[in-house]
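Next come the chains, spelled out residue by residue.
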Amino acid sequence: MPSTTLASLTTLRLGGPAEHVLTISTPADWADAVRAIRHTNEQAPVVLGHGSNVIASDAGHPGTVVVMNTRGITATRVDDTTVNVTVQAGHPLTELTAWAAAEHLAGIECLAGIPGTVGAAPVQNAGAYGQQISDTLDHLTVWDWETDRMRTLPAEACQLQHRNSLFKTNPGRWTILAVTFHLIRSPAAPVVYQPLADELGVHIGTRPPVAEATSAVLANRHRRGLLLDAHGPDARQAGSVFLNPPVTTTQAAHWSTAGCPVHADSDGQLRASAGWLLEHVGYSPGHQVADGIRCSGQRALTLTAHDEATATGFAQALGELSARVESTTSIRLHPEPVLVGIWQ
Ligand SMILES: Cc1cc2nc3c(=O)[nH]c(=O)nc-3n(C[C@H](O)[C@H](O)[C@H](O)COP(=O)(O)OP(=O)(O)OC[C@H]3O[C@@H](n4cnc5c(N)ncnc54)[C@H](O)[C@@H]3O)c2cc1C
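Position labels on residues start from 1 in each chain and follow its written sequence. Per-residue local features are limited, in this predicted model, to residues with pLDDT of at least 70; the limit for side-chain atom pairs, both in listing and counting, is 80 or more; totals at the level of whole chains, interfaces and linings are taken over all residues. Derived side-chain values reflect all non-hydrogen atoms in the structure, with water molecules and hydrogen atoms excluded from consideration.

Caption draft 1: Quick look at the overall build of the protein chain. Comment: elements are numbered from the N terminus, with helices defined as DSSP H or I runs of at least four residues and strands as E runs of at least two. On a plain count of helices and strands, the protein chain comes out with eight helices and 19 strands. Atoms counted for the radius of gyration: C-alpha only. Globule rule: 2.2 Å times residue count to the power 0.38. Relative to its length of 344 residues, the protein chain is compact, with a C-alpha radius of gyration of 20 Å against a globular reference of 20 Å. Here the C-alpha coordinates of the protein chain stretch approximately 60 × 55 × 35 Å along the principal axes. Every residue pair with non-hydrogen atoms within 4.5 Å of one another is taken to be in contact. For the protein chain, the share of sequence-separated contacts (at least 6 apart) that also reach a separation of at least 24 residues comes to 61%. Shrake-Rupley sampling with a 1.4 Å probe provides the accessible areas, and residues are treated as covered by the protein chains on show and by no other component. Element-wise, carbon and sulfur atoms account for 52% of the exposed surface of the protein chain, whose accessible area totals about 15400 Å².

Caption draft 2: Here's a closer look at the UniProt feature "domain: FAD-binding PCMH-type" (unreviewed entry) in the protein chain. UniProt positions are given in the numbering used here, feature names are shortened, and annotations may be inferred rather than shown by experiment. As annotated by UniProt and renumbered to match this structure, "domain: FAD-binding PCMH-type" (unreviewed entry) occupies residues 14-186. Helix makes up 14% of residues 14-186 and strand makes up 38%, while its end C-alpha atoms are separated by 42 Å.

Caption draft 3: Examining helix 2 (residues 93-102) more closely. Whether a residue is buried, partly exposed or exposed follows from its accessible area with a 1.4 Å probe, protein chains only, as a fraction of its type maximum: under 20%, in between, or over 50%, in that order. Taken as a whole, helix 2 has its buried residues at Leu93, Leu96, Thr97, Ala100 and Ala101. The buried residues of helix 2 occupy an angular sector of 135° when projected down its axis, which confines them to one face. Each element contacted by the buried residues of helix 2 is listed here: strand 5 (73-77), strand 6 (82-88), strand 7 (105-106), strand 12 (174-185) and helix 5 (210-223). Residue histidine 104 follows helix 2 closely and has a positive phi angle near 60°. By construction, the arc corresponds to the directions joining the helix axis to the C-beta atoms.

Caption draft 4: Structural detail: the site of the ligand. Note on terminology: near, applied to a residue and a molecule or strand, indicates that one of the residue's heavy atoms is within 4 Å of it. Around the ligand, 33 residues are found, and the nearest of them are Val47, Gly49, Ser52, Asn53 and Thr117. Here a polar contact means two N or O atoms within 3.5 Å. Within protein one must be a hydrogen donor candidate and the other an acceptor candidate, and residues neighboring in sequence count only if both atoms are side-chain atoms. With respect to the ligand, the side chain of glutamine 124 contributes an N or O atom lying 3.0 Å from an oxygen atom. Contact distances for the ligand include 2.8 Å between a nitrogen atom and a backbone N or O atom of isoleucine 176. Here the ligand, which alone exposes 980 Å², has 92% of that area covered by the protein.

See the structure below:
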C-alpha cells in the first residue's frame, strides 16, 4: 500500500513518506493513539495540525505522524464579562475567531486569517497586529510523552514569548489536546497597529466592535498577501519564512533611519522587519530564488514552492537569503517554520 507523504499533510506540499499516520478525529481517539504509538516503541510522534508552519524533509519521517483533526468549542461563563472558551486542538483557528466575533467575545480578533489549528497556535505563540495567543491563553490540556499522562499546563508554565514557547524549544514532549482561552464580552482590544487603524479608518487606541475588527484584519491580510489561497499561484507556502530579527538600539537607530520598520515586540525586544531587509538586499516579490522556489507575488518574506521544488532546495534557499542579509547588514535572520522529519 503506498504510504502517505508529508507533502500531502503540509501547505508547502513538500516532504517524503511518513511510516504511520494516525488522524485524531475525536478526543476519544486519543487513548487508542497512545496505545498504538507505545506499541511501536517510539518515544513520541510528530504532531501536525494543518502543516502550515513546517518544512518536511524529502526523506520523510520513519515513525508515526499524528494529525490533529478534533473539533469543538465549549464556552463557560466565569462572570458578567469573562467567558472561558475551551477548544479542541484540531479546530481551525479561523473558525474560532469567526465564532468569537459572532459571540462578541474580544481577545483573539487580530488572529483572524492565521492558517492552521488552535492546538498549534500556542507552539509559536501565534500572533498578528500586536495580539498573540499569550494575551488570552488560560491553560492547555496536554499529553506528556515523558510521564505518559494527561496534564493541565497553566499559561504561565508555557514560556510563551515572541513566536516561541516551551513546545517549540522542547519539540515532541507535549501534545496539545485542547486550549482554553479567557475571552471578554467587550469591544475589541485597542488597535495598536497602524495598517489596521487605517483599514478601520480609526485612530490608534480605538476599540471597534469585535466583528468589525475581525473583518478589517481579514481585509488587511488579503491586501497584503497574508491569507492562504489554496488555489492561487502562491498556494504552496508556509507564511513568513523568517522571524523579524532582534536588533540592538544602535542597529535599530541605523536601520530605521535607512527606512526599515523597527518595532518593540510584546517582550520589549526591538525587532527589524525581515521583509524590508530581504528587499534591501535585492529580493523582491516574485523573485526566483532557486529552481521551483520563488518569493510570493506580494512579499519577499514568503517563499513559495513550485513544480520541481524539494524540501532540501527550500532549506538551501533560506540559507542563501539569510546569508545575503547577514553579509550586507550584520543582522542574522532565523527561520520561522519548523523542520519536520529526517534532516541530515
Ligand atoms: C499564509 C500564512 C500566513 C501566516 N500568518 C501567520 C501570522 O500572521 N502569525 C503567526 O503566528 N503565524 C502565521 N503563519 C504560520 C502558521 O499559520 C501558524 O504557525 C499556525 O499556528 C500553524 O498551525 P498548523 O496547524 O498549520 O501547525 P503545523 O504547521 O501543523 O505545526 C506547526 C508546529 O506545531 C507543532 N504542533 C502542531 N499541532 C500540535 C499539537 N496539537 N500539539 C503539539 N504540537 C503541535 C508541530 O509539530 C510543528 O512543530 C502563517 C502561515 C501561512 C501559510
